Amino acid sequence: MENVNSAVETLVQSSNTLFILMGAIMVFAMHAGFAFLEVGTVRHKNQVNALVKILTDFAFSAMAYFFIGYWVAYGVTFFSPASELATNNGYELVKFFFLMTFAAAIPAIVSGGIAERAKFWPFLLASSLIVAFVYPFFEGVIWNGNFGFQDWLEASFGAAFHDFAGSVVVHGMGGWLALVAVVMLGIRNGRYKGGRLVAFPPSNIPFLALGSWILCIGWFGFNVMSAQTMDGISGLVAVNTLMAMVGGIITALIFGRNDPGFIHNGPLAGLVAVCAGSDVLHPMGSLVVGAIAGVIFVGLFTIQQNKWKIDDVLGVWPLHGVCGAWGGIAVGILGSESLGGLGGVSLTSQVIGTGAGILVAVVGGVVVYGAIKLLLGLRLTQEEEYNGADLSIHKIESTSDA
């Protein structure tokens, strides 16, 4: 029996390691989605920069999270001998890889908002600082119970803040950080003339669509694999993810008046919103969450660009920041048993937790981006912006006629 139990234990450990490794790879693949979504949306003279930013941000985020961020969030370091790190089939190492791909999504989100006029190295530095300190601080508070915040919510309101896969912890954080960076950067030259918006049409709709498709597929790893072990896997999470995506597509199509940019961002709005409650919502509740998120994105992006003159290139604040906040709050409404959910959630806790995420992101963004703006500057010169980030920073264009 002892040999049988040992064999079963080894099988469980190896299965869990493979499970979370597959999740890490799927979320890593989502970064190609972020890249092509941005490549297709920005003007031709900024396509190379979009690709380079996403890849280099990932590398610097991995370094920052490996040496600092993971320790800040979970109190775990990797300075032990390899023999210790490899125990349990190296599950803890792969868990780090999985959570690191989440952390690296923060700079990828910000990248879409600051496109076409941001300096390269200052924002790479900002990404590293955010992934090392700002993001893991809130991640640890919510997902590791640091500082007793979750215990206080549970004791006071009957349930802790529920964010299964990061509507607020990841997407909300990225979206609100991006808003701070976008406001500090200012408007792209030529974007408004006589107070009226000048259209900068997407450079490549097929690339934009490809980015959306890659993100949609990877999102099933983002949500389902957030269970982190095989015994926690749930088909409910998968179908809730699907229904929210569908809801976002349909409302973005209707309210976006057939615009392909809105249509391909609609599913992403729904997916952002459902992350938090994908494990407790009813599929019909997820459809509602996703549908409302699609409306939020189309409406807020339009207002943001036309009335508020906030030049957020990919609309990452409404998409990730506001739809993420909606997703966090929606758990407290549609996750209740009375509306078909599994229950165990508190609307008050969801509102407070969502507000805390926004506060950490805004304060952290002001500190990090503000300090770098003061010391190094954030924005390209007018001439560099006119020539495009591709030539100004990387000395090459995305395509050649030769």
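Summarised in this report is the structure supplied together with it. (Residues numbered from 1 in each chain as written. Predicted model: local features only at pLDDT ≥ 70, side-chain atom pairs only at ≥ 80, totals over all residues. Heavy atoms only, no water.)

## Here we look at the environment of G113
Moving on, step 1. Along the chain, G113 falls in helix 4 (residues 87–113).
Moving on, step 2. Note on G113: relative accessible area 0%, which makes it buried.
Moving on, step 3. On a C-alpha basis, the gap between G113 and V316 in space is 5.7 Å, while along the polypeptide they are 203 residues apart.
Moving on, step 4. Not counting the four nearest positions on each side in its chain, G113 is found in contact with V182, D311, D312, V313 and V316. (Helix = DSSP H or I, 4+ residues; strand = E, 2+ residues; numbered from the N terminus. Buried < 20%, exposed > 50% of the residue type's maximum accessible area, 1.4 Å probe, protein only. Contact = heavy atoms within 4.5 Å.)

## A word on the pattern of salt bridges
Moving on, step 1. One pass over the full model with this rule turns up six salt bridges.
Moving on, step 2. Here R188 ties to E116 by a salt bridge, and the two come within 2.9 Å at their closest N and O atoms. With R188 in the loop between helix 7 (167–185) and strand 1 (192–193) and E116 in the loop between helix 4 and helix 5 (120–143), this pair connects stretches of sequence that are 72 residues apart.
Moving on, step 3. You can call R188 buried: its relative accessible area is 4%.
Moving on, step 4. The exposure class assigned to E116 is buried, which follows from its relative accessible area of 2%.
Moving on, step 5. The partner of D311 in a salt bridge is R191, and the shortest N-O contact between them spans 3.4 Å. Of this pair, D311 sits in the loop between helix 11 (283–306) and helix 12 (316–334) while R191 sits in the loop between helix 7 and strand 1, and the two are 120 residues apart along the sequence. (Salt bridge = Lys/Arg side-chain N within 4 Å of Asp/Glu carboxyl O.)

## Digging into the packing of helix 2 (residues 47–74) against helix 4
Moving on, step 1. Remark: helix 2 packs on helix 4, axes separated minimally by 8 Å, with the N-to-C direction vectors making an angle of 125°. With respect to each other, helix 2 and helix 4 are oriented oblique. For helix 2 against helix 4, the interelement crossing comes out right-handed. For the pair formed by helix 2 and helix 4, the contact residues are K53, I54, D57, F58, S61, A62, Y65, F66, Y70 and Y74 on the first element and E92, K95, F96, L99, M100, T101, A103, A104, P107, A108 and S111 on the second.
Moving on, step 2. In the contact of helix 2 with helix 4, the residues fall into 14 nonpolar, three polar and four charged. (Axes fitted to C-alpha atoms, helices over the stretch in contact; angles between N-to-C directions. Parallel < 35°, antiparallel > 145°, perpendicular 65-115°, else oblique. Left-handed = near helix turned anticlockwise from the far one by under 90°. Nonpolar A, V, L, I, M, F, W, Y, C, P; charged D, E, K, R; others polar.)

## Comments concerning the packing of helix 11 against helix 12
Moving on, step 1. Axis separation between helix 11 and helix 12 bottoms out at 9 Å; the angle between their running directions is 145°. Note on packing geometry: the crossing formed by helix 11 with helix 12 is right-handed. Of the residues in helix 12, those in contact with G285, V288, V289, I292, A293, I296, F297, L300, F301 and Q304 of helix 11 are W317, P318, L319, V322, C323, W326, A330 and L334.
Moving on, step 2. Residues that form the contact of helix 11 with helix 12 fall into these classes: 16 nonpolar, two polar and no charged.

## Points about a nonpolar patch on the surface
Moving on, step 1. A cluster of nonpolar side chains, namely L125, L129, F133, L374, L375 and L376, defines an oily patch on the protein surface of about 630 Å² accessible area.
Moving on, step 2. Of all elements in the fold, only helix 5 and helix 13 (347–375) reach the threshold of two or more residues within the nonpolar patch.
Moving on, step 3. The greatest single-element share of the nonpolar patch, amounting to three residues, is contributed by helix 5.
Moving on, step 4. Counting through the fold element by element, L125 comes out in helix 5. (Patch = residues over 30% accessible without salt bridge, like charges linked within 9 Å, V, L, I, M, F, W, Y side chains within 5 Å. Areas by Shrake-Rupley, 256 points an atom, 1.4 Å probe, with all protein chains shown as cover.)

## As for the packing of aromatic side chains
Moving on, step 1. For the coordinates displayed, the defined rule picks out 27 aromatic pairs.
Moving on, step 2. Pairing F120 with W121 gives two aromatic rings, centres 5.6 Å apart and planes at 80°, and the pair type is edge-to-face.
Moving on, step 3. Through a chain of ring-to-ring contacts, the aromatic side chains of Y65, F66, F67, Y70, Y74, F78, F79 and F96 assemble into a single cluster.
Moving on, step 4. Of note, K95 hangs over the ring of Y74, and the distance from its end group to the ring centre comes to 5.9 Å. (Phe/Tyr/Trp six-rings, centres within 6.5 Å; stacked < 30°, edge-to-face > 60°. Lys NZ or Arg CZ within 6 Å of the ring centre and 35° of its normal.)

## Topic: the side chain of T241
Moving on, step 1. Of note, T241 is situated in helix 9 (residues 235–255).
Moving on, step 2. For T241, a relative accessible area of 0% translates into the label buried.
Moving on, step 3. Within the structure, T241 has its side chain in polar contact with the backbone oxygen of V237 (distance 2.7 Å).
Moving on, step 4. In this view, T241 contacts W219, F220, N223, L271, V274 and S278; residues no more than four positions away in its chain are not counted. (Polar contact = N/O pair within 3.5 Å; in protein donor to acceptor, adjacent residues only side chain to side chain.)

## Quick word on the environment of L376
Moving on, step 1. One can find L376 in the loop between helix 13 and helix 14 (382–387).
Moving on, step 2. For the pair formed by L376 and F123, sequence separation is 253 residues and the distance between their alpha carbons is 9.9 Å.
Moving on, step 3. Those residues within four positions of L376 in sequence are excluded, and the remaining contacts are K119, P122 and L125.

## Some points on the nonpolar core
Moving on, step 1. Formed by 105 residues in total, the largest nonpolar core has its most connected members in Y65, Y135, M173, W219, F222 and Y369.
Moving on, step 2. The contact partners of M173, leaving out residues within four places of it in the chain, are I106, V134, Y135, F138, V168, G357, V360 and A361. (Core = buried A, V, L, I, M, F, W, Y, C linked by side-chain atoms within 4.5 Å.)

## Observations regarding helix 13
Moving on, step 1. Between its terminal C-alpha atoms helix 13 stretches 42 Å, which fits the 42 Å expected from 29 residues at 1.5 Å a residue.
Moving on, step 2. Just beyond helix 13, the residue with positive phi is G377, at close to 85°. (Expected span 1.5 Å × (residues − 1).)

## Section: the environment of N223
Moving on, step 1. Here N223 shows up in helix 8 (residues 205–224).
Moving on, step 2. With relative accessibility at 0%, the residue N223 sits in the buried group.
Moving on, step 3. Separated by 52 residues in sequence, N223 and C275 place their C-alpha atoms 6.2 Å apart.
Moving on, step 4. Discounting chain neighbours no more than four positions away, the residues touching N223 are F164, A165, V237, T241, V274, C275 and S278.

The values reported here are purely geometric and, on their own, carry no functional implication.
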